[in-house]
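Here is how the chains run, residue by residue.
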Amino acid sequence: MKEKLSDIIYNAILKDIVTGVYTSRDFISEAQIAAKYGVSKAPVKEAMHILASEGFLVSYPKRGYMINVYTVEEINKIQEVRRVLEELAVRKAIALASDEELSALRFYRKENELQYRPGETINTKFHMGIAKLAGNSFLEETLYPLLLKASVYNITGKPDVENFDHIVDAMLARDADQAVKCLIDDICFM
């Protein structure tokens, strides 16, 4: 199935936000984005509306959209929700996933083979990998935007693949409490 133009524009803008092309408090307009990608304003409007509904943009009628700025308190609240969701994901993944599926979480050791979604980092892909193994699509859908919002602020810096190894090792040992402890160590607050 062919991807909708608004989805392509959405992914391009989101990638630009997450990778820092647009920074907090930058203004962008539908006309500017339409010109950048050589498309009409209709798919741009749809994409920007969705990004605003997800909290990545703030709409200012007749002026455009501003890249959203989260306070330290808001980022910490995002991280708090992530911890709860990801603890659930770890516990469910341990119960449902095979050793092979859990071992596959070590994809970050083969960094050159990674295929990223727009705006995705190794950290995002690792945590989403755990969520996918939990077998709950609602969990994945809820967690993904939180991971992206946290990645805009780069609060974790470079991914701690050693800690990823500890999480995977504990999951393979089916030690949910240790895996959750390692996971909590990985989710930083500002």
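Residues numbered from 1 in each chain as written. Predicted model: local features only at pLDDT ≥ 70, side-chain atom pairs only at ≥ 80, totals over all residues. Heavy atoms only, no water.

A. How the structure looks around the sheet that holds strand 2 (residues 57–60). Strands sit in the order 1-3-2 across an open sheet of three strands; the sheet is antiparallel. Of all strands in the sheet, those bounded by a partner on one side alone are strand 1 (27–28) and strand 2. In this sheet, strand 3 (residues 64–67) lies alongside strand 1 in antiparallel orientation, the contact comprising two bridges. Looking at strand 3, one finds that Phe-27 is bridged to Met-66. (Pairing = 2+ DSSP bridges. Helix = DSSP H or I, 4+ residues; strand = E, 2+ residues; numbered from the N terminus.)

B. Main features of the side chain of Lys-149. Looking at the element boundaries, Lys-149 is found in helix 7 (residues 137–152). Buried Lys-149, no salt bridge; nearest opposite-charge side chain is Glu-54, N-O distance 7.1 Å. Among the polar contacts made by the side chain of Lys-149, one reaches the main-chain carbonyl oxygen of Glu-54 at a distance of 2.5 Å. Among all residues touching Lys-149, those that are not within four sequence positions of it are Glu-54, Gly-55, Phe-56, Tyr-70, Ile-75 and Ile-78. (Buried < 20%, exposed > 50% of the residue type's maximum accessible area, 1.4 Å probe, protein only. Lys, Arg positive; Asp, Glu negative; His and termini not counted. Salt bridge = Lys/Arg side-chain N within 4 Å of Asp/Glu carboxyl O. Polar contact = N/O pair within 3.5 Å; in protein donor to acceptor, adjacent residues only side chain to side chain. Contact = heavy atoms within 4.5 Å.)

C. Representation of the packing of aromatic side chains. By the definition in use, this model includes two aromatic pairs. With a centroid separation of 5.4 Å and an interplanar angle of 55°, the aromatic rings of Phe-27 and Tyr-60 are classed as tilted. Taken together, the positions of Phe-27 in strand 1 and Tyr-60 in strand 2 put the pair 33 residues apart, joining distant regions of the chain. With relative accessibility at 30%, the residue Tyr-60 sits in the partly exposed group. The aromatic ring of Tyr-60 is capped on one face by Arg-63, whose charged end is 5.7 Å from the ring centroid. For the cation-ring pair, Lys-125 lies above Phe-107, with the distance from its terminal atom to the ring centre recorded as 5.7 Å. (Phe/Tyr/Trp six-rings, centres within 6.5 Å; stacked < 30°, edge-to-face > 60°. Lys NZ or Arg CZ within 6 Å of the ring centre and 35° of its normal.)

D. Looking closely at the packing of helix 1 (residues 5–18) against helix 2 (residues 30–37). Taken N-terminus to C-terminus, the directions of helix 1 and helix 2 make an angle of 105°; their axes are 12 Å apart at the nearest point. By the criterion of interaxial angle, the relationship of helix 1 to helix 2 is roughly perpendicular. Contacts from Ile-9, Ala-12, Ile-13 and Asp-16 in helix 1 reach Ile-33, Lys-36 and Tyr-37 in helix 2. Of the residues belonging to the contact of helix 1 with helix 2, the class tally is five nonpolar, no polar and two charged. (Axes fitted to C-alpha atoms, helices over the stretch in contact; angles between N-to-C directions. Parallel < 35°, antiparallel > 145°, perpendicular 65-115°, else oblique. Nonpolar A, V, L, I, M, F, W, Y, C, P; charged D, E, K, R; others polar.)

E. Structural detail: the environment of Phe-107. For Phe-107, the position within the fold is in the loop between helix 5 (99–103) and helix 6 (122–133). Counting along the chain gives 15 residues from Phe-107 to Ile-122, while the straight-line C-alpha distance between them is 9.1 Å.

Bear in mind that shape data such as this cannot, by itself, settle questions of function.
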